[in-house]
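Residues per chain are reported as follows:
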Amino acid sequence: MYKYCLECDWQFDTAGDHTEAEVSKRAIEHFVETGHTVDSLRLPPPIVRRN
């Protein structure tokens with residue numbers, strides 16, 4: 001999941017070791033602190049390669 005602000009350069013995603021719940025919580029905190037609108041994109045699941 002990728003969340004980003006429509007009004008500034010804020011962004012946060014699950015690409016690191018963050019859960020979707022953490023990303024959502026950070027997005028809500030950003031909105032509460034700034035009043036900015038936050039939007040999101042769902043990232044594709046990782047590709048698992050097997051030999």
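Each value, and the rule that gives it
Residues numbered from 1 in each chain as written. Predicted model: local features only at pLDDT ≥ 70, side-chain atom pairs only at ≥ 80, totals over all residues. Heavy atoms only, no water. Helix = DSSP H or I, 4+ residues; strand = E, 2+ residues; numbered from the N terminus. Rg over C-alpha atoms; globule rule 2.2 N^0.38 Å. Buried < 20%, exposed > 50% of the residue type's maximum accessible area, 1.4 Å probe, protein only. Contact = heavy atoms within 4.5 Å. Phe/Tyr/Trp six-rings, centres within 6.5 Å; stacked < 30°, edge-to-face > 60°. Lys, Arg positive; Asp, Glu negative; His and termini not counted. Salt bridge = Lys/Arg side-chain N within 4 Å of Asp/Glu carboxyl O.

(A) Main features of the overall build of the protein chain. In terms of helices and strands, the protein chain carries 1 helix and 3 strands. Each helix (α) and strand (β) of the protein chain, taken in turn from the N terminus, gives the series β-β-α-β. The C-alpha radius of gyration of the protein chain comes to 13 Å, more than 25% above the 10 Å expected for a compact globule of 51 residues. By the burial criterion, 16% of the 51 residues in the protein chain qualify as buried. Sequence separation of 24 or more characterises 49% of the internal contacts of the protein chain that already satisfy a separation of 6 or more.

(B) Summary view of the packing of aromatic side chains. For the structure on display, the rule yields 1 aromatic pair. Relative to Tyr4, the ring of Tyr2 lies with its centre 5.5 Å away and its plane at 25°, an arrangement referred to as stacked.

(C) The side chain of His30, seen in detail. Relative to the helices and strands, His30 resides in helix α1 (residues 20-34). Leaving out residues up to four positions away in the same chain, His30 has contacts with Cys5, Cys8, Trp10, Gly35, His36 and Val38.

(D) Expanded view of the side chain of Lys3. Mapped onto the fold, Lys3 is located in strand β1 (residues 2-5). One buried charge, Lys3, has no salt-bridge partner; the nearest side chain with opposite charge is Asp39, at 7.3 Å. Discounting residues that sit within four places of it in the chain, Lys3 has contacts with Trp10, Gln11, Phe12, Val23, Ser24, Ala27, Val38, Asp39 and Ser40.

(E) View of the pattern of salt bridges. Overall, the coordinates contain 1 salt bridge when judged by the stated rule. Linking Arg42 and Glu20 is a salt bridge whose minimum nitrogen-to-oxygen distance equals 2.8 Å. One end of the pair, Arg42, is in the segment after β3 (38-41); the other, Glu20, is in helix α1, with 22 residues separating them in the sequence. Given a relative accessible area of 59%, Arg42 falls into the exposed group. What makes Glu20 partly exposed here is its relative accessible area of 38%.

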